[in-house]
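Spelled out from the first residue to the last, the chains are:
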Amino acid sequence: MSCCCEFKGCNEETKISAVIFDLDGTLLDNGSASRGVLSGFLAKYGKELDKEKEEKRRVGMTQQEAVAVILKDYELPLTPEQFITEITPLYRERWTEGKALPGANRLINHLKKNGVPMALASNSQRENIDVKISYQDGWKESFSVIIGSDQVKSGKPSPYLFEEAAKKMGVDASNCLVIEDSLVGVKAANAAKMKVVAVPSRGEVDCYLLADTVLHSLLEFQPELWGLPPFDDWLDNTLPIEPIHVSGVYVNGALHESTENATVALPGQVFGLYFGWANFHADMNFKVLVSHGANKRINICLIDPNSDHMYEQQRMQIHLVGYIRAFDNKELTSKELEKLEEYKSIARASLDLPSFTYSF
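All figures in this text were calculated on a predicted structure; none of them were measured in a lab.

K.L.:
Got a minute to help me understand the overall build of the chain in this structure?
P.N.:
Helices and strands together make up the secondary structure of the chain, namely 13 helices and 14 strands. When burial is assessed residue by residue, the chain has 50% of its 360 residues classed as buried. Expressed as a percentage of contacts within the chain between residues at least 6 apart in sequence, the contacts between residues at least 24 apart total 69%. Summed over all atoms, the accessible surface of the chain reaches about 17100 Å², with 49% contributed by carbon and sulfur.

Rendered as structure tokens:
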């Protein structure tokens, strides 16, 4: 296992010629949009959601496996079929709000432009996969193969999904790269004898032991390390990204849900050093440098010479439009803090370019 920045790359014998993606948690953030569905459903039956349990389980499970666990844990008076029939429409209503994770569209479009075959192999049922990706522009057309767990003998961690995807693409398993967020997905890639990059969801720390490479975000992915065409979209030291939106109360150089210092949740895979625009009032926009690490704290640095204390405890809207780099620590290290002025200078110059403009 290694981080992408340390990975030495594949040799000619294992050169990658096709990429297989997982969907939920790897390319698509449906979790944020669907939050509250299960809680509301359970409330109808007089049950209360166990948040601690829900955060730690069911990542990568098939629908049947997840349903069986829910029915047992909450002692619901339903058959699996009844549960699925009742709750699926509630989730489908939220799938319209699903968002591509940072770097997902960039990577899909890059591989498609360079003629690299791609497959989508998910533990979801095929019908649900089709619904989810129908709300993402160009995704259905980008994948030459799309497979759900109901189309093979068994889902992940068995290798059948990935083996079938490779077979349909006409590519040997040894020349396929799998990109996954879950431990069961990484195990399935190992079983299929494929290389695997993990971008772990929260709680999937065991991915670090089994994957060839572990990333915090798809923005860290370097295609050239796998014998694939490199990206060509960096502008000097910065990368334009699809805008990421977050809001909260500005307190002591960080963003909080309220003045009581509750944590604000960013979309999955937002990890590293970013920059963008902040807005305190309708007519006041500011350039900001933002870091987000494993401690989930959103650190805010106002780039322009303003008095930070003037905005203490005020509501702030942030729109991240650029990415500078990843970092492996919960906080910026002392060495990185010494480079803060350099990072601010890079962000300040980039935000003057047309590629990084944003209108509130």
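Now that the structure has been shown, we can carry on.
K.L.:
Help me understand the packing of aromatic side chains, please; the structure alone is not making it clear to me.
P.N.:
Within a pair of aromatic rings, the relevant descriptors are the distance that separates the centres and the angle that separates the planes. Following the criterion strictly, the structure yields eight aromatic pairs and no others. Relative to Tyr45, the ring of Phe41 lies with its centre 5.5 Å away and its plane at 45°, an arrangement referred to as tilted. Residue class for Phe41 comes out buried when judged on its relative accessible area of 1%. You can call Tyr45 partly exposed: its relative accessible area is 26%.

K.L.:
Mind showing me how you'd approach the sheet that holds strand E4 (residues 118-122) here?
P.N.:
Sheets are built from strands that pair by backbone hydrogen bonding, the pairs being arranged parallel or antiparallel. Read from one edge of the open sheet, six strands run E5-E4-E1-E6-E7-E8, paired in parallel fashion. Sheet topology places strand E5 (145-148) and strand E8 (213-214) at the edges, where each strand pairs with a single neighbour. The sheet contact formed by strand E6 (residues 176-180) and strand E7 (residues 195-198) spans four bridges and is parallel. Paired with Leu177 across the strands is Lys195, a residue of E7. Against the sheet, helix H10 (residues 183-191) makes contact with E6 and E7, and its axis sits at roughly 165° relative to E7, the strand it touches most.

K.L.:
Just to check I follow, could you spell out H10 for this structure?
P.N.:
Buried residues of H10: Leu183, Gly185, Val186, Ala188 and Ala189, and no others. Along its buried surface, H10 packs onto helix H9 (160-169), E6, E7 and helix H11 (207-210). Among the residues trailing H10, Lys193 stands out with phi positive, at a value near 60°.

K.L.:
Teacher, can you tell me more about the environment of Lys132 here?
P.N.:
For Lys132, the location among the structural elements is in helix H7 (residues 126-133). What makes Lys132 buried here is its relative accessible area of 6%.

K.L.:
What is the right way to read the nonpolar core from this model?
P.N.:
One broad rule of soluble globular proteins: the nonpolar side chains tend to lie buried together. Counting 29 residues, the largest nonpolar core has Phe21, Leu27, Leu120, Trp139, Phe143 and Ile179 as the members making the most contacts within it. Taken together, the elements giving at least two residues each to this core come down to strand E1 (18-21), helix H6 (104-113), E4, H7 and E6. Setting aside its immediate chain neighbours within four residues, Phe143 contacts Phe21, Leu27, Ile108, Met118, Ala119 and Leu120. With 26 residues, the next largest nonpolar core counts Val145, Ala165, Met194 and Val214 among its residues.

K.L.:
Is there a simple way to think about the packing of helix H4 (residues 63-74) against helix H5 (residues 80-95) in this case?
P.N.:
In a pair of packed helices, the angle between the axes and the distance between the axes together describe the arrangement. Put simply, H4 and H5 touch, their axes get as near as 10 Å, and they point 100° apart. By the angle between their axes, H4 is roughly perpendicular relative to H5. Facing Gln63, Val67, Ile70 and Leu71 of H4, the residues of H5 in contact are Pro80, Phe83, Ile84 and Thr88. Of the residues contributing to the contact of H4 with H5, the split by class is six nonpolar, two polar and no charged.

K.L.:
What is the right way to read the pairing of E1 from this model?
P.N.:
With burial as the criterion, each face of E1 is covered, one bearing Ala18 and Ile20 and the other bearing Val19 and Phe21. Here four bridges tie E1 to E6, and the two strands are oriented parallel to one another. Residue Val19 lies in a different strand from E6, and its bridge partner there is Leu177. Where E1 lies against E4, three bridges are found, and the strand directions are parallel.

K.L.:
Even after reading the chapter, I still don't get the environment of Val37, so can you show me in this structure?
P.N.:
Looking at where Val37 falls in the secondary structure, it is placed in helix H2 (residues 37-44). Sequence separation between Val37 and Thr88 is 51 residues; the distance between their C-alpha atoms is 9.8 Å. Val37 has contacts with Ile87, Leu90, Tyr91 and Arg94, leaving out every residue within four places of it along the chain.

K.L.:
Could you clarify how one ought to interpret the pairing of E6 in this entry?
P.N.:
Two faces, one strand: in a regular strand the side chains alternate between the faces of the sheet. Of all five residues in E6, five are buried; the element is thus mostly enclosed. Going residue by residue along E6, you find Cys176, Val178 and Glu180 tucked away on one face and Leu177 and Ile179 tucked away on the opposite face as well.

Rules behind the numbers
- Residues numbered from 1 in each chain as written.
- Predicted model: local features only at pLDDT ≥ 70, side-chain atom pairs only at ≥ 80, totals over all residues.
- Heavy atoms only, no water.
- Helix = DSSP H or I, 4+ residues; strand = E, 2+ residues; numbered from the N terminus.
- Buried < 20%, exposed > 50% of the residue type's maximum accessible area, 1.4 Å probe, protein only.
- Contact = heavy atoms within 4.5 Å.
- Areas by Shrake-Rupley, 256 points an atom, 1.4 Å probe, with all protein chains shown as cover.
- Phe/Tyr/Trp six-rings, centres within 6.5 Å; stacked < 30°, edge-to-face > 60°.
- Pairing = 2+ DSSP bridges.
- Axes fitted to C-alpha atoms, helices over the stretch in contact; angles between N-to-C directions.
- Core = buried A, V, L, I, M, F, W, Y, C linked by side-chain atoms within 4.5 Å.
- Parallel < 35°, antiparallel > 145°, perpendicular 65-115°, else oblique.
- Nonpolar A, V, L, I, M, F, W, Y, C, P; charged D, E, K, R; others polar.

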